[in-house]
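# Observations on the model geometry
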Amino acid sequence: MPPVCRIGDYGKLRYETQQREREAKKKQKTITWKEVRIAPKIDEHDLDTKIKTATRLLGHGDKLKLVVRFRGRELAHPERGRVLLMLMADRLKDVAMIERPPLLEGRQMIMVMNPVRPGQMPAQPAPTPAQPAAAAPQPTTAPASAPRPAPAPVTPRPAAAPAPAAPRVAPAPRPAGPSPAPRTAAPRPAATRTQRPA
């Protein structure tokens, strides 16, 4: 087969590739990170406000970083921050899914959430009461007529022999002779005042 060669204008080729790159750049979406900060002692109403803010940010298609900041002795109870983040994730499950579970980094506990795309289903949707029971997946079991395997025979284990006791070692003998006198603090001389010349 003879070699194939195309003769063309290099300037035109460069222009077309730039145009394709420009079109691709228009279509791509830049991911922006937004952060919502929470204190571990947040009140219920304040938490609702933070959840509304998070829903709005996720609605714009931004990644969300939820941060619980521990101050002082609050760091002694990191489980409170983890419970708080999981509560927020549960309330935001319709609009977001967890990308990174809560993780303690220094004095902050961080969780990252991604927005749920329109065609994307959130992970593990809960069955609604309106759905028929047959729609729920049934666990598969072996047919009742299938024989069960016989259980393995249980053999008793021999009792472990007690470990031999270590021989007792007598304490080292003390040197004979007079025992040293106990140390006592020497009395301090009384402070004397000297008169300064006037």
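Rules of the game
Residues numbered from 1 in each chain as written. Predicted model: local features only at pLDDT ≥ 70, side-chain atom pairs only at ≥ 80, totals over all residues. Heavy atoms only, no water. Helix = DSSP H or I, 4+ residues; strand = E, 2+ residues; numbered from the N terminus. Expected span 1.5 Å × (residues − 1). Buried < 20%, exposed > 50% of the residue type's maximum accessible area, 1.4 Å probe, protein only. Arc of directions from axis to C-beta. Contact = heavy atoms within 4.5 Å. Salt bridge = Lys/Arg side-chain N within 4 Å of Asp/Glu carboxyl O. Pairing = 2+ DSSP bridges. Axes fitted to C-alpha atoms, helices over the stretch in contact; angles between N-to-C directions. Polar contact = N/O pair within 3.5 Å; in protein donor to acceptor, adjacent residues only side chain to side chain. pLDDT = per-residue confidence, 0-100.

## Describing helix α2 (residues 44-59)
Residue pairs three or four apart in sequence face the same way in an α-helix, which turns once every 3.6 residues. Over its 16 residues, α2 extends 22 Å from the first C-alpha to the last, a length consistent with the 22 Å expected when each residue adds 1.5 Å. Taken residue by residue, α2 has Leu47, Ile51, Ala54, Leu57 and Leu58 as its buried positions. Taken end-on, α2 shows its buried residues confined to a sector of 125 degrees, consistent with a single buried face. For α2, the exposed residues set more than 90 degrees away from the buried face come down to His45, Lys52 and Gly59. Summarising the contacts, the buried residues of α2 are in contact with β1 (33-38), β2 (63-69), α3 (78-91), β3 (96-105) and β4 (108-115).

## Quick word on the pattern of salt bridges
A side chain of one charge can pair with a side chain of the opposite charge if their charged atoms are brought near each other. This model, assessed by the stated rule, comprises eight salt bridges. Lysine 93 is the partner of aspartate 90 in a salt bridge, and the nearest nitrogen-oxygen pair spans 3.6 Å. Accessibility expressed as a relative area gives 45% for aspartate 90, which makes it partly exposed. Within the structure, one salt-bridge network assembled from shared partners comprises Glu44, Asp48 and Arg91.

## A closer look at the environment of isoleucine 42
Here isoleucine 42 shows up in the loop between β1 and α2. It is 9.0 Å that separates the C-alpha atoms of isoleucine 42 and leucine 84, two residues lying 42 residues apart in sequence.

## Some words on the sheet that holds β4
Taken together, the four strands give an open sheet; going across it, the order is β1-β2-β4-β3, and neighbouring strands pair in mixed fashion. What marks the edges here is a single partner per strand, and that holds for β1 and β3. Strand-to-strand twist of the sheet, defined as the mean angle between neighbouring strand axes without regard to direction, takes the value 20 degrees. Pairing of β3 with β4 involves seven bridges; the strand directions are antiparallel. By the bridge assignment, glutamate 105 is partnered in β4 with glutamine 108. Seen against the sheet, α2 touches β1, β2, β3 and β4 and runs at an angle of roughly 175 degrees to β1. Running at roughly 10 degrees to β4, α3 makes contact with β1, β2, β3 and β4 of the sheet.

## A few points about the side chain of asparagine 114
Mapped onto the elements of the fold, asparagine 114 is located in strand β4. Within the structure, asparagine 114 has its side chain in polar contact with the side chain of glutamate 99 (distance 2.9 Å). Look past the residues within four positions of asparagine 114 in its chain and what remains in contact with it is Leu58, Lys63, Val95, Ala96, Met97 and Glu99.

## A short note on the confidence of the model for the protein
Of the residues in the protein, 59% reach a pLDDT of 70 or more, and the chain-wide mean stands at 78. Within the model, the stretch residues 125-137 combines pLDDT values under 50 with one contact to residues more than four positions away or in other chains.

## A short note on the pairing of β2
Along β2, five of the seven residues are buried, which leaves the element largely enclosed by surrounding structure. Bridge count between β2 and β4: six bridges; the pairing is antiparallel. In the strand pairing of β4, valine 67 is matched with isoleucine 110.

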